[in-house]
Amino acid sequence: MSTPALSPGADGPAVPAAGGRPLLRQVLRERRRPAVVSTLGGVVHQTCEAFVPVLIGVLVDRAIERRDAGELVLWIVVLALLFALLTTAYRVQLLTLVGGLERGEHDLRTALARRVLAAAGIAAPPRPGAVRADVGGSAGAQVTVAGSDARRTVDVLEAVSVGGAAIAAIVVTAAVLLATSLPLGLLVLLGTPPLLYALQLLARPLERRSGVDQARAAEAAGVATDLASGLRVLKGIGAERAGAERYRVASRRALDAAVRAGVAQNLLLGANVLISGAFLAIVAWVGGRLALDGTISIGELVAAVGLTQFLVGPLQRLAFASTLLAESRAAADRVSALLQAAPDREDPRAAEPARGRAEAVPSAVALAVAPTPAGTPGLQVAAGEHLGVVAADPAASSALVDLLAHRGEAPPGALRVDGRPTSDLALDDARGLVLVADHDAALFSGTVRDNVLAAAGPVHDLAAVLDASGADEAVRAIPGGLDGQVGERGRSLSGGQRQRVALARALAASPPVLVLHEPTTAVDAVTEARIASGVRRLRDGATTVVVATSPSLLAACDRVVLLGDDGVVAEGTHAELVQREDAYRAAVLS
Amino acid sequence: MSAPDVPATGGRPDGGRPVATADLLPTAEPREARRVVARLVADRPGLGLASLLVLVGGAAAGLAVPPLLGLVVDIVADDRGTGDLAVAAGLLLAAALVQALLTGVGGQLVVRLGESVLADLRERVVGRALRIPLRRVERAGSGDLLSRIGGDVEIVSRAISATVPTIAGAGLTVGLTVVGLVVLDWRLALAALAAAPIQVLALRAYLRDAVPVYRRQRVLEGERTQQLLDAFAGAPTSRALRIGDARLERVRETSGAARDEALHGFRLLARMFPKLNGAELVGLSAVVVAGFLLVDAGTISVGTATAGALYFHRAFDPIGTLLMLVDDIQEATTALARLVGVASIEPPEDPAEPATARDGEVVLRGVGHEHVPGHPVLHDVDLRIAPGERVALIGTTGAGKTTLARLVCGIDRPTRGSILIGGATLDELGPTRAADTVLLVTQEVHVFAGTLGDDLRLARPDATDDELHAALATVGADGWVRALPEGLATVVGEGGREPTTTQAQQLALARLVLRDPLVAVLDEATAESGSAGARELERSADGALAGRTALVVAHRLKQAATADRVVVLEAGRVVEQGPHDELVAAGGPYARLWGAWASARER
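Residues numbered from 1 in each chain as written. Chains lettered and ligands numbered in written order. Predicted model: local features only at pLDDT ≥ 70, side-chain atom pairs only at ≥ 80, totals over all residues. Heavy atoms only, no water.

UniProt lists a comment for chain B under the heading Subcellular location (unreviewed entry), and it reads "Membrane". (UniProt positions renumbered as here; feature names shortened; annotations may be inferred.)

Of the comments in the UniProt record for chain A, the one headed Subcellular location (unreviewed entry) reads "Membrane".

Here you go:
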């Protein structure tokens, strides 16, 4: 795919860079100002922090040792000024950094959401049940990318800011030490990189192991939420004890993993303490000898020791920044993969502005489906006709419904509306002509009314729509009625209520062609009969295709076609087909 | 398995939906929560004591450093020679060694202690949560339970693995710094305390202003995750309806709100730092001035004054750490109280001598039920199902079919009347025996994450692969399971292979077969898959129900036609019952239903 389906001009990266590293560079480029300002703030702050022990040394040297009150006052004033600068610089670093992080995260998340919701869709994984390493997979995986990976990607700003400030602090410390005493300065300068390297060397395998262990520990949480999500099912088969036992096993495994992770982490912590402590002892010894020689003053010794102690902080922050950078790279790879995910179907006119494109369409249009090599049979639907479609093989009806829904690639001209191939149209316009209502369509959190009117035009008859879909009865049973909340993905409603509200939503959209795919699988027989006649009445004169095997729905159609292996094998009214076609009876009545 | 459905932010799945607090699962008093944890720690006295001693030792070794550095200063000031210097440097090295050892070991002990306490607690919580009456969980909203065993457990475990060791380390350092200063000279310690009032004021202002902001921020992050899940899971639908822009706008709104609240929180944080830095300045200056005066008076050496200043400087970071973590501790305490609340619910107990169902006979005598007092759902239902008989329950939405099904399975207790299974009431059977005797499969599909074999073995943990295959064959699912490249070892559920609705429901029926109850209740168990799937499932159900007493809540009248007897429920009352043919001939409500159905079939 050449250009990702992201509208230009909106916030977020306009043209997302391909690949993790280019994306990180792009984030840094777009957030130049916070990156630079917060790094500068960090540099100043760290430099000030480095000067606190130096000033302590000066105070010891000039005021305490010499018992000079004037010097004491002078240097305490200097200390106060240093603190004022320190705290201001930190404030600048913090506020610019989090400003960049929070805004960058939000913009990236918006771009990701735009990609996921784009009309072009995301190509399904190559084969069903493929390992979900690819981001095109479950919504949950996509939420993880847009939820936490977006933040981790933007964390590159923090890595730069914190890492830059830490390097500055190390340089300043070294410079002060060099100015104080060449041997001490060299000792710290030359001693630090090997120390840093040793710590990294030690840290990497330990961190890797602790990462693996932590992931294992998190599995227990997954088991618990899985059991709780299936609580009704679990209780239905009386498997509470088996479930609890399964959780106990997972929990013990997580405990072992967490303890192992703790061993690794604390080993590293201990090594850290030992190395920096030993280094301090060496500096104290060398510095002490220099002071005994009279090469440096006591104050300079205190400053050198204080600086060595201080150095632990920047060193740790530098390690933190490098870890952060690694995480950021990994996250950016996933973010970029989703932003660049192959489309389910190319949107021919995605780049054009949405407004002023749709043409006026008559209320009743004819529909023609050309036979495709993939096995979709040819179909003709007259303007205003109600056509029933029955397929002996559910896969055949799914393929037909996908084609009508403009899902997946299809040859040009596979679908024509009033003789015009829809492959020329922008996907949104094509779907505006032919609306496919799936039997498992999702509801969105909000009120019942929000959902029913989600796609409704300005002119709609809510009461008629609720009546035709049988949703009125469902609404009466929902606490709060039309203004009742449906919950996350409509989960507060029963399957039957959800299905009827979704049907009402499709009817309210009042499209030129409406395709209903098994719209009544979750409702009882009485309600189904009501819906069949309600839909027939409401869409009278409007082209409607019902892909179903329910006799009630099919009986309400003008014409029914039966799809076999070689396309349309029989057609007629429901009653005719029931009389004369064994295959039809087998598909519909068995 | 990564369970990406569960937001890592600890977001509440019930989001912003208002839930009356009276209905939520109980939350323990903080005191009770602390007591429970203290008891769990007390169960491991050796580990607890060892952790404490080792950590104190480690912090003490660290605090030997400033006086040793002071000693170096004194050696130089008094010009005592390199021998003394070498001893001082050697002591510094030894202190580092001891501190490193004790810190490393102490940290491990704390993790071991904390994690094993947490493991006990979470197992108890989940064990209880699974045994709480379903009605109780439903009243609270399933989001409440999910957020406790998901979000709250995570918050507490994060606190145990990260916050508690950090706080222990920082707290010990600060505490021992004060001790160290007192040992150096009590007047230095007094001077250092000049910082304390400023720190207390800064902390109080922070807790007052920032903590509510953080709480709101977490709620907003939860909503953001929910909105993303809503939008992404519904992406195919919003594409079909061309409402992607509206969904995107909702995501942008909630994400923007979370962003703004986070920035608000950071501005409050930025307001606190100058105060903390001010406290450091005041304390450090006070210690230096006190050192100056004491050295001037000849009371202490320059080295001691230096050690005092270095001591105080070393405590900067730990004090900052402690102040920043106060909120985390409050949050973890709240989460802990919610966990202990669930752990303290007493699940229904088995009777001392549980009765045994003599056979699969089901008898309902004058059963009435109200979910909300004054709003009866069932009235005076009398029904007898003979052992091995199959009864279809028919009625429109709201007629009370599901309520009746749940009463028979003992999931809800009837408000009036009694229910007997094989001659014994559900209370006489007790929850364990009842769960072996009468089971429910609903239209709700859930495939438990793990392998197919794991999923099925929830029903019978000790089942062999052959037994699993036999159960699958009974429900007509052995074919597709064997066709999977990895068969029973195929990973299903979240993060794995997504079985179709029909396949998932076949698995549910196979679990029923494995449990092998005398009585089975199917509540529209074939409804959610398409028509073709429904027919396949009806065959699966036939296999699963063979030889059992069965109550089948049916959508499709065909299921009724093949049952031994049909019971028609209207507005909570049994209006008609009898074999299909008799009822059709009788011309009552069932005949009218059948007429609508049959005419559609034949028109």
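Draft legend 1. Looking closely at the interface of chain A and chain B. Across the boundary between the two partners, chain A contributes 152 residues, which contact 151 residues of chain B. Between chain A and chain B, a total of about 13,400 Å² is buried, with carbon and sulfur atoms accounting for 67% of that surface. Its largest share of buried area at the contact with chain B, chain A owes to A:Leu117, A:Ile237 and A:Phe444, together 6% of the area lost on that side. Between the two partners, chain A and chain B, sit three salt bridges. Residue B:Glu123 pairs with A:Arg252 through a salt bridge whose shortest N-O separation is 3.0 Å. The tally of links from chain A across to chain B stands at 24 residue pairs in polar contact (both at pLDDT 80 or more). Top element by residues in the side of chain A that touches chain B is helix α8 (residues 240-293) of chain A. It accounts for 32 residues. (Contact = heavy atoms within 4.5 Å. Buried area = accessible area lost by both parts, 1.4 Å probe. Salt bridge = Lys/Arg side-chain N within 4 Å of Asp/Glu carboxyl O. Polar contact = N/O pair within 3.5 Å; in protein donor to acceptor, adjacent residues only side chain to side chain. Helix = DSSP H or I, 4+ residues; strand = E, 2+ residues; numbered from the N terminus.)

Draft legend 2. A look at a nonpolar patch on the surface. Residue and element names in this part refer to chain A. A cluster of nonpolar side chains, contributed by Leu178, Leu182, Leu186, Leu189 and Leu190, occupies part of the molecular surface with about 440 Å² of accessible area. For the nonpolar patch, the element with the highest residue contribution is helix α6 (residues 182-229), accounting for four residues. Owing to a relative accessible area of 34%, leucine 189 belongs among the partly exposed residues under this scheme. (Patch = residues over 30% accessible without salt bridge, like charges linked within 9 Å, V, L, I, M, F, W, Y side chains within 5 Å. Areas by Shrake-Rupley, 256 points an atom, 1.4 Å probe, with all protein chains shown as cover. Buried < 20%, exposed > 50% of the residue type's maximum accessible area, 1.4 Å probe, protein only.)

Draft legend 3. How the structure looks around the packing of helix α3 (residues 69-117) of chain A against helix α4 (residues 139-154) of chain A. Residues and elements named next belong to chain A. One way to put it is that α3 packs onto α4 with a least axis distance of 8 Å and a crossing angle of 145°. Remark: the crossing between α3 and α4 carries right-handed chirality. When α3 is examined against α4, the residues Gly100, Leu101, Glu102, Gly104, Glu105, Leu108, Arg109, Leu112 and Val116 are found in contact with a partner set consisting of Gln142, Val145, Ala146, Gly147, Ala150, Arg151, Thr153 and Val154. For the contact of α3 with α4, the class distribution of residues is eight nonpolar, five polar and four charged. (Axes fitted to C-alpha atoms, helices over the stretch in contact; angles between N-to-C directions. Left-handed = near helix turned anticlockwise from the far one by under 90°. Nonpolar A, V, L, I, M, F, W, Y, C, P; charged D, E, K, R; others polar.)

Draft legend 4. Spatial organisation of empty space enclosed by the protein. Summed over the entire model, instances satisfying the criterion amount to nine cavities of 30 Å³ or more. Contributing to the lining of the second largest cavity are A:Val436, A:Ala437, A:Asp438, A:Ala441, A:Ala502, A:Arg505, A:Ala506, B:Thr237, B:Ala240 and B:Leu241. Put simply, the parts of the chain that give the lining of the second largest cavity at least two residues each are β6 (434-437) and α15 (495-509) of chain A together with α9 (235-241) of chain B. In terms of residue class, the lining of the second largest cavity is built from seven nonpolar, one polar and two charged. (1 Å grid on protein atoms, 1.4 Å probe; cavity = no way out; pocket = protein on both sides within 12 Å on 5 of 7 lines; lining within 4 Å. Points joined across faces, edges and corners; volume = space filled by probe spheres on them.)

Draft legend 5. Molecular detail of the confidence of the model for chain B. Residue and element names in this part refer to chain B. Here chain B averages 85 in pLDDT, and 93% of its residues register 70 or above. The lowest-confidence element of chain B is helix α22 (residues 589-602), averaging 70 in pLDDT; the highest-confidence one is helix α16 (residues 465-474), averaging 95. Scored below 50 in pLDDT, residues 1-22 makes 44 contacts in the model with residues more than four places away or belonging to other chains. (pLDDT = per-residue confidence, 0-100.)

Draft legend 6. The sheet that holds strand β6 (residues 438-442) of chain B, seen in detail. All names here are of chain B. The sheet built from six strands is open, its strands ordered β6-β9-β10-β3-β11-β12 with mixed pairing. Every interior strand has two partners, whereas the edge strands, β6 and β12 (573-578), have only one. When the angles between neighbouring strand axes are averaged without regard to direction, this sheet yields 20°. In this structure, strand β3 (residues 390-394) lies alongside strand β10 (residues 549-553), joined through four bridges in parallel fashion. Paired with arginine 390 across the two strands is alanine 550, which belongs to β10. Lying over the sheet, helix α18 (residues 501-515) contacts β6 and β9 (519-523), oriented at roughly 175° with respect to β6. (Pairing = 2+ DSSP bridges.)

Draft legend 7. Spotlight on the pattern of salt bridges. Counting across every chain of the model gives 53 salt bridges over all chains. Between A:Arg407 and A:Asp438 there is a salt bridge, and its shortest N-O distance comes to 3.0 Å. Residue A:Arg407 is found in the loop between α10 (394-404) and β4 (415-417), and its partner A:Asp438 is found in the loop between β6 and α12 (448-452); the two are separated by 31 residues along the sequence. Between A:Arg536 and A:Asp540 there is a salt bridge whose closest N-O contact spans 3.5 Å. Salt bridges linked by common partners bring A:Glu102, A:Glu105, A:Arg109, A:Arg151, A:Asp155 and B:Arg224 together as one network.

Draft legend 8. Just the UniProt feature "transmembrane region" (unreviewed entry) in chain B, in detail. All names here are of chain B. UniProt marks residues 49-73, 85-111 and 276-295 with the feature "transmembrane region" (unreviewed entry), using the numbering shown here. In this annotation, residues 85-111 is assigned 100% helix and 0% strand; the end-to-end C-alpha distance for the span is 39 Å. The distance separating the terminal C-alpha atoms of residues 276-295 is 28 Å; by composition the span is 100% helix and 0% strand.

Draft legend 9. Summary view of the domain arrangement of chain B. In terms of domains, chain B is made up of domain 1 (26-184 + 329-347), domain 2 (186-299) and domain 3 (362-602). Here domain 2 of chain B and domain 3 of chain B have C-alpha centroids that lie 53 Å from each other. (Domains from an automatic or database assignment.)

Draft legend 10. Region of the structure containing the environment of A:Ala165. Mapped onto the fold, A:Ala165 is located in helix α5 (residues 156-180). For A:Ala165, a relative accessible area of 3% translates into the label buried.

Draft legend 11. Structural view of the packing of helix α3 (residues 65-77) of chain B against helix α4 (residues 82-131) of chain B. Residues and elements named next belong to chain B. One can describe the packing of α3 onto α4 by two numbers: an axis separation of 10 Å at closest approach and a directional angle of 170°. One way to sum up the angle between α3 and α4 is to call them roughly antiparallel. Listed contacts from α4 to Val65, Leu68, Leu69, Leu71, Val72 and Ile75 of α3 are Asp84, Leu85, Ala88, Leu91, Leu92 and Ala95. Residue classes in the contact of α3 with α4 are distributed as eleven nonpolar, no polar and one charged. (Parallel < 35°, antiparallel > 145°, perpendicular 65-115°, else oblique.)

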